[in-house]
Amino acid sequence: MNILLLESTMAQESPKNSAAEIPVTSNGEVDDVHEHGFNRDLKRSLPSGLGLSETQITSHGFDSTKEEVMEAGAYQGSPEPPLPSVMSPSRVAASRLAQQGSDLIVPAGGQRTQTKSGPVILADEIKNPAMEKLELVRKWSLNTYKCTRQIISEKLGRGSRTVDLELEAQIDILRDNKKKYENILRLAQTLSTQLFQMVHTQRQLGDAFADLSLKSLELHEEFGYNADTQKLLAKNGETLLGAINFFIASVNTLVNKTIEDTLMTVKQYESARIEYDAYRTDLEELNLGPRDANTLPKIEQSQHLFQAHKEKYDKMRSDVSIKLKFLEENKVKVLHNQLVLFHNAIAAYFAGNQKQLEQTLKQFHIKLKTPGVDAPSWLEEQ
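Since the structure is predicted, the reported quantities are computational estimates derived from the model, not experimental observations.

J.: Just checking my understanding: could you explain the UniProt feature "coiled-coil region" (unreviewed entry) in the protein for this structure?
T.: Under the present numbering, the feature "coiled-coil region" (unreviewed entry) in UniProt falls on residues 164-191. Its end C-alpha atoms 41 Å apart, residues 164-191 is made of 96% helix and 0% strand.

J.: Would you explain the packing of aromatic side chains in this entry?
T.: Following the criterion strictly, the structure yields six aromatic pairs and no others. Aromatic pair Phe247 and Phe342: ring centres 4.9 Å apart, planes at 40°, arrangement tilted. With Phe247 in helix H6 (residues 220-288) and Phe342 in helix H7 (residues 295-351), this residue pair connects regions lying 95 residues apart in the sequence. Given a relative accessible area of 5%, Phe247 falls into the buried group. Ring geometry for Tyr269 against Tyr313: centres 5.7 Å apart, planes inclined by 25°, an arrangement best described as stacked. Residue Tyr269 is found in helix H6, and its partner Tyr313 is found in helix H7; the two are separated by 44 residues along the sequence.

J.: Help me out: how do you make sense of the pattern of salt bridges in this one?
T.: When the charged atoms of two side chains lie near each other, side chains of opposite charge can form a pair. Taken as a whole, this structure holds 19 salt bridges when the rule is applied. Note that Arg138 and Glu135 form a salt bridge whose closest N and O atoms lie 2.8 Å from each other. On the criterion of helical spacing, the pair formed by Arg138 and Glu135 is a turn pair, its members being three residues apart in helix H4 (residues 129-155). On the basis of relative accessible area, Arg138 is assigned to the partly exposed category, the value being 46%. Between Asp211 and Lys215 there is a salt bridge, with its nearest N and O atoms 3.5 Å apart. In this pair, Asp211 and Lys215 both sit in helix H5 (residues 165-215), four residues apart, roughly one turn of the helix. Here the residues in one salt-bridge network are Glu154, Arg161, Arg273, Asp277, Arg280 and Glu284, joined through shared partners.

J.: Any chance you could explain the packing of H6 against helix H8 (residues 354-363) here in plain terms?
T.: Running from N to C, H6 and H8 point in directions that differ by 25°, and their axes come no closer than 10 Å. Between H6 and H8, the interaxial angle falls into the category roughly parallel. Of the two elements, H6 crosses H8, and the hand of that crossing is left-handed. Within the contact between the two elements, H6 uses Leu232, Lys235, Asn236, Thr239, Leu240 and Ala243 and H8 uses Gln354, Leu357, Glu358 and Leu361. Here the contact of H6 with H8 is built from residues that sort into five nonpolar, three polar and two charged.

J.: What exactly am I supposed to notice about H4 here?
T.: In an α-helix, one turn spans 3.6 residues; hence positions three or four apart end up facing the same way. With 27 residues, H4 extends 39 Å between its outermost C-alpha atoms, agreeing within 8% with the 39 Å of an ideal straight helix rising 1.5 Å per residue. All buried positions along H4 are accounted for by Asn143, Lys146, Cys147, Gln150, Ser153 and Glu154. Those residues of H4 hidden inside the fold are in contact with H6 and H7. Phi for Gly157, located one or two positions after H4, is positive at around 80°.

J.: Help me understand the nonpolar core in this model?
T.: The nonpolar side chains of a soluble globular protein tend to be buried with one another. By size, the foremost hydrophobic cluster in this structure holds 41 residues, and its most contacted members are Ile171, Leu195, Ile259, Tyr269 and Val320. Secondary-structure elements contributing two or more residues to this core are H5, H6, H7 and H8. With 17 residues, the single largest contributor to this core is H6. In contact with Val320, not counting residues within four places along its chain, are Leu167, Ile171, Thr265, Val266 and Tyr269.

J.: Is there a simple way to think about the side chain of Gln230 in this case?
T.: Inspection of the secondary structure puts Gln230 in helix H6. Sequence-distant contacts of Gln230, defined by excluding residues within four places in its chain, comprise Gln202, Leu205, Gly206 and Phe209.

J.: Would you explain the packing of H5 against H7 in this entry?
T.: Two quantities define a packed helix pair, namely the angle between the axes and the distance from one axis to the other. Where H5 contacts H7, the axes come no closer than 12 Å and their chain directions differ by 25°. Relative to H7, H5 is oriented roughly parallel. Remark: the crossing between H5 and H7 carries left-handed chirality. Two secondary-structure elements touch here, H5 through Leu167, Gln170, Ile171, Leu174, Asn177, Tyr181, Leu191, Leu195, Met198 and Gln202 and H7 through Arg317, Val320, Ser321, Leu324, Leu327, Lys331, Leu335, Phe342 and Tyr349. Looking at the contact of H5 with H7 residue by residue, the class counts come to 13 nonpolar, four polar and two charged.

Here is what the cut-offs are and how they apply
Residues numbered from 1 in each chain as written. Predicted model: local features only at pLDDT ≥ 70, side-chain atom pairs only at ≥ 80, totals over all residues. Heavy atoms only, no water. UniProt positions renumbered as here; feature names shortened; annotations may be inferred. Helix = DSSP H or I, 4+ residues; strand = E, 2+ residues; numbered from the N terminus. Phe/Tyr/Trp six-rings, centres within 6.5 Å; stacked < 30°, edge-to-face > 60°. Buried < 20%, exposed > 50% of the residue type's maximum accessible area, 1.4 Å probe, protein only. Salt bridge = Lys/Arg side-chain N within 4 Å of Asp/Glu carboxyl O. Axes fitted to C-alpha atoms, helices over the stretch in contact; angles between N-to-C directions. Parallel < 35°, antiparallel > 145°, perpendicular 65-115°, else oblique. Left-handed = near helix turned anticlockwise from the far one by under 90°. Contact = heavy atoms within 4.5 Å. Nonpolar A, V, L, I, M, F, W, Y, C, P; charged D, E, K, R; others polar. Expected span 1.5 Å × (residues − 1). Core = buried A, V, L, I, M, F, W, Y, C linked by side-chain atoms within 4.5 Å.

Put into C-alpha cells, the structure is as follows:
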C-alpha cells in the first residue's frame with residue numbers, strides 16, 4: 001500500500017520537472033525566480049546512486065531534428081546547487097543548436113558520441129607590413145652608414161680600398177673619351193646650325209637673283225648665272241647638311257646611350273666596391289677584437305654579409321669588363337663608318353663634285369627630306 005502511494009506521488013511530481021515548463025521572459029532569457037525550484041525538482045527525481053557529474057541533458061533544436069548530448073561536470077563550490085545550462089528557446093539558440101548538431105556522430109547502435117573539434121591553426125604566420133618596412137629601413141640605414149663611413153675614411157686617407165688596376169685604367173680612358181666625343185658632337189651641331197643658316201641665305205639669294213633677271217633686260221644673263229649658282233650651292237648644302245645630321249645622330253647615340261649605359265654599370269660596380277670594402281673593414285675590426293660568446297655570433301653574421309657583398313662585387317666587375325669589351329668593338333665600327341661619311345661629304349661639297357656628294361649619301365643609305373614637301377601619310381605608304 002505504501003509502495004502504491006509513493007509511485008502515485010512521484011507520478012504527480014514528474015510533470016513539474018519537465019523542461020517544457022521553464023518560464024521564459026519576453027526577451028528569451030530564463031526567469032531566475034523559478035530556476036532554483038527547477039534544480040530542486042531535478043535532484044529529487046534523480047536516483048540516489050547517480051551523481052550530478054553523471055547527469056546528461058538532451059537539448060532539442062527547435063528548427064532541427066538533431067540532438068546534442070551535453071555532460072555536466074562535477075560542481076565544486078558553495079553547497080547551493082549550480083545553475084543549469086538551459087538554452088533559451090529563441091531563434092538564435094535554435095540556429096546554434098542546429099550548427100552544433102552537425103558535429104555529432106551517430107553510430108549504428110544508436111548511441112550518440114560527440115566529436116572534439118580543436119582550434120584552427122594557420123600554417124603560415126601573418127606578417128605585418130609595417131614591421132617589414134621598418135626592417136627594410138633599418139637595414140638600409142645600417143648599410144648607408146657603413147658605406148658613408150668607408151667613403152669618408154678613403155677621402156681622409158685612413159681607409160683601404162680595393163683597386164683593379166687594369167679595369168680602373170679602362171674606365172678612366174672611357175670617361176676621357178666620352179668628354180672628347182661630347183666636344184666633337186657639340187662642334188658638329190654648331191657646324192650644322194651655321195650650314196643650315198648659310199643654305200637658307202643662299203636659297204633666298206638665288207630667288208632674288210632670279211627675280212632680277214626677269215625684270216632687268218640688260219643684266220638678264222648675269223643675274224641668271226648667279227641665281228643658278230646660288231641654287232646649286234643651296235642644293236649641295238642641303239645634301240651636306242643631311243650627311244652632317246646623320247653623323248651627329250650616330251655619334252649622339254654612341255655617346256649618350258651606349259657609353260652612358262656602360263658608365264651606369266660602372267657606377268653600380270663602384271657602389272658594390274664601396275659596400276664590399278665597408279663590410280670587409282667591419283669584419284677585419286671584429287676579427288681583431290676578443291672572441292667570446294657575445295662576439296662570435298656577430299663575427300659569423302659579418303662573415304656572411306661580407307661573402308654576399310664579395311659575390312656581388314665580383315659579378316659587377318665581370319659585367320663591367322664584358323661591357324667595356326663590347327663597347328670598344330661597337331665604337332670602332334660606328335666611328336669608322338661615320339668618319340668616312342663625314343670626310344667624303346665635306347670633300348665632295350667643297351670640290352663642287354655634286355655626283356660624288358650624292359654617291360656618298362647613297363653609300364650610307366641617307367635619304368634627304370625635300371624642303372616644302374610633307375611626309376606621306378600612312379594611307380599613301382600602304
